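So you can see what is in the structure, the chains are spelled out below.
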Amino acid sequence: MLHSLVRRHALPPSTQLRCVFFSTGTSVSSSGTTASPDPHFMVEYLVNTCGFSADDASKVSKSLPCFQSTEKPDAVLGFFRSHGFDGANLRKIISWKPGFLCRDVENSLAPKFKILRDMGLSESDIANVVLRHPNILYLDAQNALLPRLKVWESLFGSREILLRNLRGYNRFLTTSIENVVRPNLNFLQDECGIPEDRVSHVIKGHPGFIVQNPESLRALVDRAEGLGVPRGSGMFLWILDVLQGVSTEKFEAQLKLMNNFGLSNSDFIAAIKKFPRFLLLSIELLQRKMEFLVNVVGISPSDVALRPVPLVLCLEKRLIP
């Protein structure tokens, strides 16, 4: 297989000559050890086989183990190209971890791609998944990648949802199940009393919520309780999910803004308990929407607090029309 891959993506004659020089341009010292090849040839190899600029190739080569033959790099490049990686994406992978060029295709790379293919991903999907979750290439196929995929399939409730999240930009797959995911699940269910189905519902749309540091999750729970939201509240988990993306500084700025419109602190907290997602708005956008609703439409600030859903509607496309 390796030989066919290399033949399929044969190097131009000039590069073949360099490869010969690369593999033979080493010297054996009196102690019998083989000296590393000239790093200039590593730069030249990256320029001619991957399309790197000379400057970028020089930077990448500094992290690249000196290899005595181009057999493995040629096979790796051929493998990636045969799976739909074009020049730019190929350079992205190599720049991220130059050591991939020295990986064994049959024993290291191919099994991971097979697992993803068996999950139901197309070749183009696999290329996108690897580019978005490049750490997949470092996971052991049978002992790490496959077990994690099975756990996440169970958490999402279906393979379809798993594949949808894999195609997205959610970087969840390389998070430790035992050290992060399970402790967070146990904390939410056992200590916070949140039903499993409710936790699962949040995870399906936002897997990043459950892969945060366990200490960070506990801090979010403290913040929510500090707002007067009890753990048994039906909105508690949704408020945690939103607070994960809202810093304390931003929260204080939003509170001050709403105070300026006449809302009391308790009104602001009441609005959060009803529909917390408006906290994800920028300060500027929140101000524009409040100015429109209060100053233009004439809605009282207290009514906005009672019905905060309009705050998340698009100003130009929904609210104004």
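Thresholds, definitions, all that
- Residues numbered from 1 in each chain as written.
- Predicted model: local features only at pLDDT ≥ 70, side-chain atom pairs only at ≥ 80, totals over all residues.
- Heavy atoms only, no water.
- Helix = DSSP H or I, 4+ residues; strand = E, 2+ residues; numbered from the N terminus.
- Buried < 20%, exposed > 50% of the residue type's maximum accessible area, 1.4 Å probe, protein only.
- Contact = heavy atoms within 4.5 Å.
- Patch = residues over 30% accessible without salt bridge, like charges linked within 9 Å, V, L, I, M, F, W, Y side chains within 5 Å.
- Areas by Shrake-Rupley, 256 points an atom, 1.4 Å probe, with all protein chains shown as cover.
- Salt bridge = Lys/Arg side-chain N within 4 Å of Asp/Glu carboxyl O.
- Lys, Arg positive; Asp, Glu negative; His and termini not counted.
- Polar contact = N/O pair within 3.5 Å; in protein donor to acceptor, adjacent residues only side chain to side chain.
- Phe/Tyr/Trp six-rings, centres within 6.5 Å; stacked < 30°, edge-to-face > 60°.
- Lys NZ or Arg CZ within 6 Å of the ring centre and 35° of its normal.
- Axes fitted to C-alpha atoms, helices over the stretch in contact; angles between N-to-C directions.
- Parallel < 35°, antiparallel > 145°, perpendicular 65-115°, else oblique.
- Left-handed = near helix turned anticlockwise from the far one by under 90°.
- Nonpolar A, V, L, I, M, F, W, Y, C, P; charged D, E, K, R; others polar.
- Core = buried A, V, L, I, M, F, W, Y, C linked by side-chain atoms within 4.5 Å.

A. Focus on the overall build of the chain. Broken down by element type, the chain carries 19 helices and zero strands. Residue burial in the chain is summarised as follows: out of 321 residues, 42% are buried. Within the chain, contacts between residues at least 6 apart in sequence are counted, and of these 70% link residues at least 24 apart.

B. Local environment of helix H11 (residues 177-191). Buried within H11 we find Ile177, Val180, Val181, Asn184, Leu185, Phe187 and Leu188. Looking at the buried residues of H11, the elements they touch are helix H9 (141-156), helix H12 (196-205), helix H13 (214-226) and helix H14 (236-243). Of the residues flanking the end of H11, it is Gly193, one or two places downstream, whose phi is positive at about 70°.

C. Expanded view of a nonpolar patch on the surface. A cluster of nonpolar side chains, Val296, Val297 and Ile299, forms an exposed patch at the surface whose accessible area comes to about 240 Å². If you trace the backbone, Val296 turns up in helix H17 (residues 283-297). Among the residues examined, Val296 registers a relative accessible area of 60% and is labelled exposed.

D. Layout of the side chain of Asp74. Relative to the elements of secondary structure, Asp74 occurs in helix H5 (residues 71-82). Arg81 provides the closest opposite charge to the buried, salt-bridge-free Asp74, at an N-O distance of 7.2 Å. Within the structure, the side chain of Asp74 is placed 2.5 Å from the side chain of Tyr45, a separation counted as a polar contact.

E. Layout of the packing of aromatic side chains. Overall, the coordinates contain 13 aromatic pairs when judged by the stated rule. One aromatic cluster is present, built from ring pairs that chain together Phe79, Phe80, Phe85 and Phe113. Sitting above the plane of the Trp96 ring, Lys97 keeps its charged end 5.6 Å from the centroid. Taking the ring centre of Tyr138 as reference, the NZ or CZ of Arg103 above it sits at 4.5 Å.

F. Seen up close, the packing of helix H7 (residues 105-118) against helix H8 (residues 123-132). With their axes 10 Å apart at the nearest point, H7 and H8 run at an angle of 120° to one another. It follows from the interaxial angle that H7 and H8 lie oblique. Handedness of the H7/H8 crossing: right-handed. Taken together, the residues of H8 that come into contact with H7 (itself represented by Phe113, Leu116 and Arg117) are Glu123, Ile126 and Val130. Partitioning the contact of H7 with H8 into residue classes produces four nonpolar, no polar and two charged.

G. Spotlight on the environment of Gly120. Counting through the fold element by element, Gly120 comes out in the loop between H7 and H8. Take Gly120: its relative accessible area is 48%, and that puts it in the partly exposed class. Along the primary structure Gly120 and Leu163 are separated by 43 residues, whereas in three dimensions their C-alpha atoms are 8.0 Å apart.

H. Summary view of the nonpolar core. Core analysis: the largest hydrophobic core is formed by 99 residues, its most contacted members being Trp152 and Leu188. Examining the composition of this core, we find that eight residues originate from one element, H9, more than from any other. Beyond its immediate sequence surroundings of up to four residues, Trp152 is in contact with Leu162, Phe172, Leu173, Ile177, Val181, Ile203, Pro207, Ile210 and Val211.

I. Representation of the packing of H5 against H7 within the structure. Contact geometry for H5 and H7: axes closest at 11 Å, N-to-C directions at 15°. Judged on the interaxial angle alone, H7 and H5 are roughly parallel. For the pair H5 and H7, the crossing hand works out as right-handed. Here Ala75, Val76, Phe79 and Phe80 of H5 come into contact with H7, specifically with Val105, Leu109, Ala110 and Phe113. A breakdown of the residues in the contact of H5 with H7 according to their chemical character gives eight nonpolar, no polar and no charged.

By themselves, these observations are geometric and do not establish any function.
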